[in-house]
Amino acid sequence: MDNMRGAALMVIAMLGFALEDMFIKLLADALSVGQIIFMLGVGGATVFGTVVLLQGRALFSRDMLILPIFLRAIGEMFGAITFVSAFVLTSISSASAILQATPLVVTLGAAIFLQEPVGWRRWSAILVGLCGVLLIIRPGMESFSVLSLLAVAGVLFLALRDLATRRIPKAISSMQLSFLGFAATIPAGLAMMLAQGRPLEALNPTGWTYIGAALGIGLFAYYAIVAAMRVGEVSFVTPFRYARLLFALVVGVVVFNESPDALTLTGAAIIVASGIYTVWRERRLRVSA
């Protein structure tokens, strides 16, 4: 029963993230990418900072002056810039499909940089999954767009964030890390606004609705994913992360009139299958250990 509750929470979280992405893309008609990142950063840092203070913890401390937290902040900053740009400038379906490769890249990075054991089966799954990414971006083909590399860069930076998180002491809470993550995107958004030469734009009621919905739904989705991991077994719940791709495809087709082609859908299916196999294999290894 706990596993089913965890799976349901994970699916709800993925629906929330897909809707958050939708509102971010809708906001791009009125705001620069830099301002979107800045406003979401301020909102998220305010919410998580308040929670941290209510818990009686410090927002900043000497314990946080360590390399893993610095690397995590770099991953958050550039991950936000590249992925928000990808959602705004490319189709939400293809960007979301590439995003699904993040767990595979995390496994790859853990093997290379953290010396975690990865057998030939998972190495094979990683390589197959990366081939799925190539099917979506199609380098060297006429349909290739250099903008699709924004999503690939986003995957790399989000993997850096996740790998760095593994090396952060448990004494630093998840809420503190969430506050620091959102806080890191604030200067990233401001820097991007300066680079784009775009001042802060005034929002109309529709714009405030979109930014409020993106922030509110995104924070709820974050809570749901944390709850999902605590309620159910990680190995059972994790594959339901890929429901985000299904929701993103529906949003892309219904809201933005996108038409994902056969290669994009095939690449997405390969990435999802590789990711699910990797999770299943890790579970088998833990059971047999």
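Residues numbered from 1 in each chain as written. Predicted model: local features only at pLDDT ≥ 70, side-chain atom pairs only at ≥ 80, totals over all residues. Heavy atoms only, no water.

Participant: Honestly, the overall build of the chain in this entry has me stumped. Any pointers?
Facilitator: Per the secondary structure count, the chain includes 12 helices and 0 strands. When the helices and strands of the chain are read in sequence order from the N terminus, they spell out α-α-α-α-α-α-α-α-α-α-α-α. The C-alpha radius of gyration computed for the chain amounts to 19 Å, which stays within 12% of the reference 19 Å derived for 289 residues, consistent with globular compactness. With 289 residues in all, the chain has 48% of them scored as buried. Across the chain, contacts joining residues at least 24 apart in sequence account for 87% of those joining residues at least 6 apart. Of the roughly 14,200 Å² of accessible surface on the chain, 69% is carried by carbon and sulfur atoms. Averaging the positions of the 20 positive and the 14 negative side-chain charges in the chain gives two centres separated by 10 Å. (Helix = DSSP H or I, 4+ residues; strand = E, 2+ residues; numbered from the N terminus. Rg over C-alpha atoms; globule rule 2.2 N^0.38 Å. Buried < 20%, exposed > 50% of the residue type's maximum accessible area, 1.4 Å probe, protein only. Contact = heavy atoms within 4.5 Å. Areas by Shrake-Rupley, 256 points an atom, 1.4 Å probe, with all protein chains shown as cover. Lys, Arg positive; Asp, Glu negative; His and termini not counted. Charge placed at Lys NZ, Arg CZ, Asp CG, Glu CD.)

Participant: Sorry, what's going on with the confidence of the model for the chain here?
Facilitator: Regions with low pLDDT carry predicted coordinates that are not meant to be interpreted in detail. Residues of the chain with pLDDT of at least 70 account for 98%, and the chain-wide mean is 90. By mean pLDDT, helix 10 (residues 234-237) is the weakest element of the chain at 71, and helix 2 (residues 33-54) is the strongest at 96. (pLDDT = per-residue confidence, 0-100.)

Participant: Would you explain the pattern of salt bridges in this entry?
Facilitator: Pairs may arise between side chains of opposite charge once their charged atoms sit close together. Tallied over the full model, the rule gives 6 salt bridges. One salt bridge connects Arg-166 with Glu-116, and the closest N-O pair in it is separated by 3.0 Å. Of the two residues, Arg-166 sits in the loop between helix 7 (149-165) and helix 8 (174-196) while Glu-116 sits in the loop between helix 5 (102-113) and helix 6 (120-137), which places them 50 residues apart along the sequence. Owing to a relative accessible area of 41%, Arg-166 belongs among the partly exposed residues under this scheme. For Glu-116, a relative accessible area of 31% corresponds to the partly exposed category. (Salt bridge = Lys/Arg side-chain N within 4 Å of Asp/Glu carboxyl O.)

Participant: Which parts of the structure should I look at to understand the nonpolar core?
Facilitator: Buried together is how nonpolar side chains tend to be arranged in soluble globular proteins. Judged by nonpolar contacts, the single largest core of 63 residues is most densely connected at Ile-36, Ile-37, Leu-40, Phe-83, Val-84, Ile-98 and Phe-179. Sort the elements by how many residues they give to this core and helix 2 lands first, with 9 residues. Beyond its immediate chain neighbours, meaning those up to four positions away, Leu-40 contacts Ile-24, Phe-182, Ile-211, Ala-214 and Leu-215. Judged by nonpolar contacts, the second largest core, of 12 residues, contains Ala-13, Ile-225, Val-237 and Phe-247. (Core = buried A, V, L, I, M, F, W, Y, C linked by side-chain atoms within 4.5 Å.)

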